[in-house]
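Spelled out, the chains give:
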Amino acid sequence: MTATRRVDVLVVGAGPAGLAAAARLAVAGAGRVEVLEREASPGGVPRHCAHGGFGTWTRPLTGPRYARLLTEAAERTGATVRTRTTALDWATEGPVLHAVGPGGPEIIEARAVVLATGARERPRPARLVPGTRPAGVYTTGELQQSVHLFGQRIGSRAVVVGAEDVSYAAVGTLRTAGTEVVALVTEHPRARTGRARAEAARLLHGIPLLTGTTVAELLGHGRLSGVRVRHRDGRTAVLPCDTVVFTGDFVPDHELARRGGLTLDPGTRGPAVGGSLHTSRPGVLAAGNVLHAVEPAGTAAREGARAAGAVLDLLAGAPWPDPGVPVTVEAPLRWIAPNRVTPGARPTRHVLRTGTALTRPVLLVHQDGRLLHRERRGPGTVPPHRPLALTGHWHDRVDPEGGEVRVSTA
Amino acid sequence: MTVTADGPLPSTAYDVAIVGAGVVGCAIARELARHPRLSVALVEAQDDVGQGTSKANTAILHTGFDATPGTLEARLVREGYERLGAYAAETDIPVERVGALLVAWDEEQLAALPRLAAKAERNACPGTALLGPGELYAREPRLGPGALGALHVPGESVICPWTTTLAYATQAVRAGVDLHLNTAVRDARWADGHRLTTTRGTLRARHLVNAAGLHADTLDRRLGHQDFTVTPRRGQLLVFDKLARPLVRHILLPVPTALGKGVLVTPTVHGNVLLGPTAENLPDRQATGSTADGLAGLRDQGRRILPALLDEEVTAVYAGLRAATEHEDYRITAHPGQAYVTVGGIRSTGLTASLAIAAHVTGLLTDAGLDPGPVREPDAVVMPQLGEAFPRPYQRADLIAEDPEYGILVCHCERVSRGEIRDALAGPVPPRSLEGLRRRTRARAGRCQGFYCGAAVRELFERGPDGRNGP
Ligand SMILES: Cc1cc2nc3c(=O)[nH]c(=O)nc-3n(C[C@H](O)[C@H](O)[C@H](O)COP(=O)(O)OP(=O)(O)OC[C@H]3O[C@@H](n4cnc5c(N)ncnc54)[C@H](O)[C@@H]3O)c2cc1C
């Protein structure tokens, strides 16, 4: 027989979003707050990001340190973090989950569930990179865990696919592991990271950056022996190496969301949510990178806290909001989150991504051909790998009976 | 129990040596293991069983409805289907009896269906039925538009190829067969007994079975036979995410043409959806790579069959090589004068036919002078449950109450527990690589391909079965 337990709030995932939500809920006296984490220790992806770039401007931290602080904060406030416990699936109705851990299968009934399951990098098969199937093929996530959590040996020569922040983090990890980085390869015309970082890799460490280049084939039986790359002009070359790291190209880890029948947003591929992060399933909220891969940990933590606010309202008797009006984007914009607007709710900021660099963009918000809002972003250029924000001042102008709201650039 | 992977080979002569530990070689070893008086060696070039064609196929348990009536293949597939079905039920090899639909997309294909139904009849495959478009779409609501009808073949099923090969090998090894891995046969001489020159020294045997798959013709030539030439026929396949599984209920087959069986869409017992295979004849017996053209072509065909499939993520891409020959049938030949049986040309049905091939080969060996002695059925094996349609360890409260390790999931996408990984490492035919571990447990086979679990699984693997061999 599967045991059934009751809690007030169940948070799925002990990454920055989940831990921040749990801490705020427990502090506010939400009752029994429990976080389920399938890994052996809490903290999420920062656990294995053994580099800086976490915390705040005034208090910069490494990933592991940040993970520890968030965990301590959640536990200090009285939330329970249960590791090695996996949320598997939903009961037929409501915020009720099946889970399994060392104690066996159980059903956990909650008054509210916060989904904070994060994101992952798309691995080589999902990117349809042809060739053989040798060992030595990594994503950054696996590479970092191997080196920083388990001290495992990596190969001796690596090619890194991608040239964004996470790709340079992979370079750092490879260097820690004593692996020579043969090249960074990106299909884009330039690196998608800060200039200083790109220059340092190139000049200081002598790592070439191959732009306009894709990985056309993996070679080798048993162990990787090289990658065939193709330049946009059609030229190909083989880079001998025994390791390749596919970086970036994150997607929300949305399995539970889909299993629960939550409406997904086609742009983000995460659950569709309104400003207070309610999903389409009553009692279920979502926060962090499950909503939009991949934003910094701080953004995820803030969303966790925001979802906690909505949960507190819910526990206090607030009704579950109507689904609201969908918000979509037009190219070159790629996605927007939150992607629903509930007229009358507190206006919240949106995060967007663009597919191509935008110089001094103007964001336009329309509903049924009617202009609701026009917003000019500051000077300079917004590149595709940086968040672009849109205020929510226009939310009360949305017609709740009208069609979808469309965000475009001019 | 003897499994070796290095060092010298035993100097005593075996009664029978089987070259090639694919699904066919392992099935033969298991069959011979039913005769306790025989000493049997199973010799494999690679570091695990089932590393050749047997690990990379479409994993269908064929009824043989469309085989050429009267061929050896037709008979052994038919017989193997029954035998393996029964064996699977005993050993927990996952089988799902989903049935197949041969979908006709034009008038010509529609016209071919009654002929195929008649052929199925001749192949002793009962219960086929012609479906009109209404019933077809009722059964497969997500099928792409434009299908005109289908032939329903209720018996076609899906199976786990890895568990099958491993079950045979496990049972054989437990019953006393010696499995020698990392042992490539370089040469073979017969003079009143066989002497095999291998990468690990000489192996002697009174009888020899050649089940070397893609290399069966090479070994055959060493013994002076020119019966056939293997032309590897590559099949590239795409495995779609588990979230795609609800999109399809049957094995969706194309109506066969002169070019082969064509591209199918099928559920897998592991809960995914498979699209493939391509069919390309190649000179290279190592060409197990996928190609950009191959994958693009598959996606084009898949889009027509099941449009929604293409919106799902791809979990894995692989390619297998079928051991095709210039002949239309299996090349199973006894050479009594040499106490030698060749099992060649086991193309795209060897998984299904494996147990029947094994029984047939044992008969040929006996005819050629092998005295198998009395029969004692080997102890039954129960394999770890890898099938999605059956309770997996993490779903079993009873198991976890006894051993909490089955409740601790390490590979999250595939829901593989630490207990299962520990068991696999301690098994009678243990994995020697992470790939081998994957085939035994599904660990790292899922959508994240190790993003979450790769390092943790590697850690468990490197520590070994007792958890102590730290790196
Ligand atoms: C794309 C595709 C789809 C298929 N679909 C199906 C299906 O749905 N259902 C089905 O029943 N069958 C299917 N098959 C066929 C099935 O996989 C094969 O029939 C089966 O694997 C053949 O087994 P085998 O043991 O003969 O060969 P293999 O699996 O290739 O095994 C031969 C072994 O011999 C070893 N070896 C070779 N030379 C030497 C040497 N000199 N010394 C030592 N060892 C050696 C090799 O390393 C290998 O391990 C499919 C095949 C392909 C490629």
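Residues numbered from 1 in each chain as written. Chains lettered and ligands numbered in written order. Predicted model: local features only at pLDDT ≥ 70, side-chain atom pairs only at ≥ 80, totals over all residues. Heavy atoms only, no water.

Per an unreviewed UniProt entry, the recorded name for chain B is FAD/NAD(P)-binding oxidoreductase, and the organism is Streptomyces dangxiongensis.

As named in an unreviewed UniProt entry, chain A is FAD-binding protein, taken from Streptomyces dangxiongensis.

## Some remarks on empty space enclosed by the protein
All names here are of chain B. With the rule as written, the count across this model stands at 3 cavities of 30 Å³ or more. What the largest cavity holds in volume is close to 90 Å³. Surrounding the largest cavity, Asp 48, Val 49, Gly 50, Ser 54, Lys 55, Pro 161, Trp 162, Thr 165, Leu 166, Arg 439 and Arg 440 form its lining. Contributing elements (two or more residues each) for the lining of the largest cavity: helix H5 (161-174) and helix H11 (434-441). A total of 4 residues in the lining of the largest cavity trace back to one element, the largest contributor, which is H5. Considered class by class, the residues forming the lining of the largest cavity number 4 nonpolar, 3 polar and 4 charged. (1 Å grid on protein atoms, 1.4 Å probe; cavity = no way out; pocket = protein on both sides within 12 Å on 5 of 7 lines; lining within 4 Å. Points joined across faces, edges and corners; volume = space filled by probe spheres on them. Helix = DSSP H or I, 4+ residues; strand = E, 2+ residues; numbered from the N terminus. Nonpolar A, V, L, I, M, F, W, Y, C, P; charged D, E, K, R; others polar.)

## Quick look at the site of the ligand
Residue and element names in this part refer to chain B. Near the ligand there are 39 residues, and of these Glu 44, Ser 54, Thr 58, Val 185 and Thr 352 occur at the shortest range. Between the ligand and Val 23, the relevant distance is 3.3 Å, taken from an oxygen atom to a main-chain nitrogen or oxygen of the residue. Between a nitrogen atom of the ligand and a main-chain N or O atom of Val 185, the distance comes to 2.7 Å. Relative to its unbound accessible surface of 1000 Å², the ligand loses 96% to contact with the protein. Of all elements in the fold, only helix H1 (23-32), strand E19 (314-324) and helix H8 (350-367) reach the threshold of two or more residues within the shell around the ligand. Here the residues of the shell around the ligand are counted per class, giving 17 nonpolar, 19 polar and 3 charged. Residues from two domains meet in the shell around the ligand; each of domain 1 (3-55 + 161-229 + 327-368) and domain 2 (100-154 + 232-323) gives at least three. (Near = heavy atom within 4 Å. Polar contact = N/O pair within 3.5 Å; in protein donor to acceptor, adjacent residues only side chain to side chain. Areas by Shrake-Rupley, 256 points an atom, 1.4 Å probe, with all protein chains shown as cover. Domains from an automatic or database assignment.)

## Here's the deal with the interface of chain A and chain B
In this assembly, 43 residues from chain A lie in contact with 42 residues from chain B. Together, the buried faces of chain A and chain B total about 3800 Å²; carbon and sulfur atoms form 53% of this surface. It is Arg 120, Leu 128 and Arg 133 of chain A that lose the most area in chain A upon contact with chain B, and together they represent 17% of the buried surface on that side. Viewed at the interface, chain B and chain A are joined by 6 salt bridges. For the pair chain A and chain B, the interface holds 18 residue pairs in polar contact (both at pLDDT 80 or more). Secondary structure elements with two or more residues in the side of chain A that touches chain B: strand E7 (86-90), strand E8 (96-101), strand E9 (104-109), strand E11 (119-121), strand E12 (137-139), helix H3 (140-149), strand E20 (250-252) and helix H6 (255-259) of chain A. When residues in the side of chain A that touches chain B are grouped by element, the largest group, 4 residues, is from H3 of chain A. Per-class residue counts for the side of chain A that touches chain B are 15 nonpolar, 14 polar and 14 charged. (Contact = heavy atoms within 4.5 Å. Buried area = accessible area lost by both parts, 1.4 Å probe. Salt bridge = Lys/Arg side-chain N within 4 Å of Asp/Glu carboxyl O.)

## Some words on the domain arrangement of chain A
Residue and element names in this part refer to chain A. The assigned domain composition of chain A is domain 1 (1-121 + 250-321), domain 2 (123-248) and domain 3 (324-410). A C-alpha centroid distance of 26 Å is found between domain 1 and domain 3. On the domain 3 side, the residues contacting the 17 residues of domain 1 number 15 residues. Of the roughly 1200 Å² buried where domain 1 meets domain 3, counting both sides, 53% is carbon and sulfur surface. Between domain 1 and domain 3 we count 2 salt bridges in total. Residues Arg 346 and Asp 313 are paired through a salt bridge, measuring 3.7 Å at the closest nitrogen-oxygen approach. Classifying every residue of the side of domain 1 that touches domain 3 gives 8 nonpolar, 5 polar and 4 charged.

## Structural notes on the sheet that holds strand E21 (residues 284-286) of chain A
All names here are of chain A. Strands sit in the order E6-E3-E2-E10-E21 across an open sheet of 5 strands; the sheet is parallel. Where the open sheet ends on each side, the last strands, each with one partner, are strand E6 (80-82) and E21. In this sheet, adjacent strand axes meet at a mean angle of 20 degrees when their direction is disregarded. Bridge count for strand E2 (residues 9-12) against strand E10 (residues 112-115) is 4 bridges, and the pairing is parallel. Counted as the bridge partner of Val 12 is Leu 115 from E10. Across the sheet, helix H7 (residues 297-315) touches E2, E10 and E21, and the angle it forms with E10 is around 170 degrees. (Pairing = 2+ DSSP bridges. Axes fitted to C-alpha atoms, helices over the stretch in contact; angles between N-to-C directions.)

## Side note on the domain arrangement of chain B
Residues and elements named next belong to chain B. Examined at the domain level, chain B breaks down into domain 1 (3-55 + 161-229 + 327-368), domain 2 (100-154 + 232-323) and domain 3 (393-463). Computed from C-alpha atoms alone, the centre-to-centre distance between domain 1 and domain 3 is 30 Å. Of the residues lining the interface, 16 residues belong to domain 1; the matching set on domain 3 comes to 8 residues. Of the roughly 1100 Å² buried where domain 1 meets domain 3, counting both sides, 59% is carbon and sulfur surface. On the domain 1 side of the interface with domain 3, the three residues burying the most area are Asp 48, Trp 162 and Leu 166, jointly 43% of the side's total. The tally of links between domain 1 and domain 3 comes to 2 salt bridges. Between the two partners, domain 1 and domain 3, sit 3 residue pairs in polar contact (both at pLDDT 80 or more). Considered class by class, the residues forming the side of domain 1 that touches domain 3 number 9 nonpolar, 3 polar and 4 charged.

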